[in-house]
Amino acid sequence: MGAIDKPLWRAALVDMVLPEAVVALPTLSPRHDDGRELALVDPRDPGDASGTLRLRADAVALALRTALARGMPVPASADTSTAPLGSAASPIETAAAPAPAEALFDAVGGTVVTLLGLRDGGLVAGLADGRVAWQRRGDPAVRTRDAHRGAVTALVELPGGRLVSASTGGEVALWAAGDTLTLTGMLGHHEAAVRALAPMGRYVVAGDDGAALHFWPLSDEDRATEVTGWGGPILALDNDADTVFVACGSAGLWFRQIGSDDPPRRGGSDELVAVNALACLGDNLYLGGQDRTGRGLLRREQLRRDGLPTRWVGGLDAGPVSALLVLPDERVVAGTVLGHVLLWSPSSGANAVAELGTPGAEVTALAALDVATLAVLGADGVVRRVDLPAPVAA
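For clarity, every value in this text was computed on a predicted model and none was experimentally measured. (Residues numbered from 1 in each chain as written. Predicted model: local features only at pLDDT ≥ 70, side-chain atom pairs only at ≥ 80, totals over all residues. Heavy atoms only, no water.)

Colleague: I would appreciate a short explanation of the overall build of the protein in the present structure.
Modeller: Helices and strands together make up the secondary structure of the protein, namely one helix and 34 strands. Buried residues in the protein amount to 56% of all 394 residues. As displayed, the protein has an accessible area near 16400 Å², and 50% of this comes from carbon and sulfur atoms. (Helix = DSSP H or I, 4+ residues; strand = E, 2+ residues; numbered from the N terminus. Buried < 20%, exposed > 50% of the residue type's maximum accessible area, 1.4 Å probe, protein only. Areas by Shrake-Rupley, 256 points an atom, 1.4 Å probe, with all protein chains shown as cover.)

Structural data, given as structure tokens:
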């Protein structure tokens, strides 16, 4: 057995004990590309020291990485084999990972860090070298533009053919998308890496590793504002007409009324102890993260009386949810830290979760290419296609 006492991004390792074969396991986190991490965790028992790192709370969901992504040995305690999800009466059909030749953005010559599906079916990727790559629907050509000094870690689409990108260098940039991508200016700059973006009327909201939320105006008529006091580094954010919702990993779900002077407040439910991904659709909030057993959990929260009823499914052995995509038909696609792609249909009344594929690396972003195809980004920087089944008629 080997013992290591080494700092991990914004969190100290606590009682880190690993088998000798795994002690020197290097993984590079696409979210925290400022250094190498030692990380191999069995999310089903994050407190077990036999083959697991015990991390301080705000790092657990971010530090989980599977050694399978790089062909490294995995101890028995970190078994990543497929297990029944939801109900033993509903077996999972596992789709094979796409061959490397089918990967998207292979030709750009860089590592993809984040991904955004556009409303017109196009696809945009943020690269580790600071470039933005863009592929129009039906066009095999990939165009790239220099964008940032750091890795591009967040992307969002605005009405009117505009895009916003953000980086580990803290920059938030505005683009015009037509026949080409044109950088039209910088909206602002953060003191920490920006991991999440969301449009909000005349503003773009950006959340960073310093637990700060900035409201950057899209015109000179409005002024920028900053809101602090969130629970930790901001991994994801979204908003409805009244409220901004923020995912802070194991610090949980936080929210604040738009226009309020009150500090952010913590929300969420007892069974969801870490929130890594979220999305608003209509009068509902969709959450993905980790339950009290260290397994994955998905939850649909009713925000208003007109919203769909609250439902949730937990105990997912595929691992904590790391990425979330809500489809227009209200089905939920989730990616996990152990490299599984799951499909949940909360409106069906069943808690069964189907597995769509196992890319083999932590899923860091999801996008819909069309009604039958997903683009899935793994922590290995590869963007793979995964088939999306048609919804089952009621």
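Next comes the rest of the description.
Colleague: Mind showing me how you'd approach the confidence of the model for the protein here?
Modeller: The predicted coordinates of low-pLDDT regions are not to be read in fine detail. Taken as a whole, the protein shows an average pLDDT of 77; of its residues, 73% reach a score of 70 or greater. With pLDDT under 50 throughout, residues 1-101 is counted as low confidence; its partners more than four residues away or in other chains account for 213 contacts. (pLDDT = per-residue confidence, 0-100. Contact = heavy atoms within 4.5 Å.)

Colleague: What exactly am I supposed to notice about the pattern of salt bridges here?
Modeller: Two side chains bearing opposite charge may form a pair once their charged atoms approach each other closely. What the rule picks out here adds up to 14 salt bridges. Note that R304 is salt-bridged to D240, the shortest N-O span being 2.8 Å. Taken together, the positions of R304 in the loop between β26 (296-302) and β27 (311-316) and D240 in the loop between β20 (236-239) and β21 (243-247) put the pair 64 residues apart, joining distant regions of the chain. According to the relative accessible area criterion, R304 is partly exposed, its value standing at 27%. The exposure class assigned to D240 is buried, which follows from its relative accessible area of 11%. A salt bridge links E301 to R299; the shortest N-O distance between them is 2.5 Å. (Salt bridge = Lys/Arg side-chain N within 4 Å of Asp/Glu carboxyl O.)

Colleague: Which parts of the structure should I look at to understand the sheet that holds strand β9 (residues 123-127)?
Modeller: Either a parallel or an antiparallel arrangement is found when strands of a sheet pair, and the pairing is made through backbone hydrogen bonds. The sheet built from four strands is open, its strands ordered β8-β9-β10-β11 with antiparallel pairing. Two strands in the sheet have a free side with no partner beyond their single neighbour: β8 (112-117) and β11 (143-146). Shown here is a sheet whose adjacent strand axes are inclined to one another by a mean of 20°, direction ignored. Both β8 and β9 contribute to a ladder of five bridges, which runs antiparallel. Among the inter-strand pairings, L115 is bridged to a residue of β9, identified as A125. (Pairing = 2+ DSSP bridges. Axes fitted to C-alpha atoms, helices over the stretch in contact; angles between N-to-C directions.)

Colleague: Honestly, the side chain of D209 in this entry has me stumped. Any pointers?
Modeller: Structurally, the position occupied by D209 is in the loop between β17 (203-208) and β18 (213-217). A distance of 2.9 Å separates polar atoms of two side chains, one belonging to D209 and the other to R195. (Polar contact = N/O pair within 3.5 Å; in protein donor to acceptor, adjacent residues only side chain to side chain.)

Colleague: What should I look at first to understand the nonpolar core in this one?
Modeller: In globular proteins that are soluble, nonpolar side chains generally tend to be buried together. Membership of the largest hydrophobic core comes to 16 residues, with the highest contact counts inside it found for L213, F215, W230, I234, L237, V246 and C248. Of all the elements in the fold, those that place two or more residues in this core are β16 (194-200), β17, β18 and β21. Filtering out sequence-adjacent residues up to four positions away, I234 remains in contact with R195, A196, G207, D208, A211, A212, L213, V246, A247 and C248. (Core = buried A, V, L, I, M, F, W, Y, C linked by side-chain atoms within 4.5 Å.)

Colleague: What is the right way to look at the pairing of strand β13 (residues 162-167) in this model?
Modeller: The side chains of a regular strand alternate, residue by residue, between the two faces of the sheet. Summarising burial for β13: five of the six residues are buried, a large majority. Remark: three residues form the turn of the hairpin made by strand β12 (residues 152-158) and β13, two consecutive strands paired antiparallel; G160 in that turn has positive phi of roughly 80°. As paired strands, β13 and strand β14 (residues 171-177) are joined by five bridges and run antiparallel to one another. Among the inter-strand pairings, R162 is bridged to a residue of β14, identified as A176. Adjacent in sequence and paired antiparallel, β13 and β14 are bridged by three residues, among which G170 carries a positive phi angle near 90°.

Colleague: What's the story with unusual backbone geometry in this structure? I'm lost.
Modeller: Among all residues save glycine, negative phi is the norm, and among peptide bonds the norm is trans. The backbone of F105 shows a phi angle near 65°, a positive value even though the residue is not glycine. Positionally, F105 belongs in the loop between α1 (57-63) and β8. Look at F105 and you get buried, because its relative accessible area is 5%.

Colleague: Any chance you could explain the sheet that holds strand β32 (residues 363-370) here in plain terms?
Modeller: Read across the open sheet, the three strands follow the order β32-β33-β34; overall the sheet is antiparallel. The open sheet is flanked by β32 and β34 (383-387), the only strands paired with a single partner. Neighbour-to-neighbour, the strand axes of the sheet open up by a mean angle of 30°, direction not taken into account. The sheet contact formed by β32 and strand β33 (residues 373-378) spans six bridges and is antiparallel.

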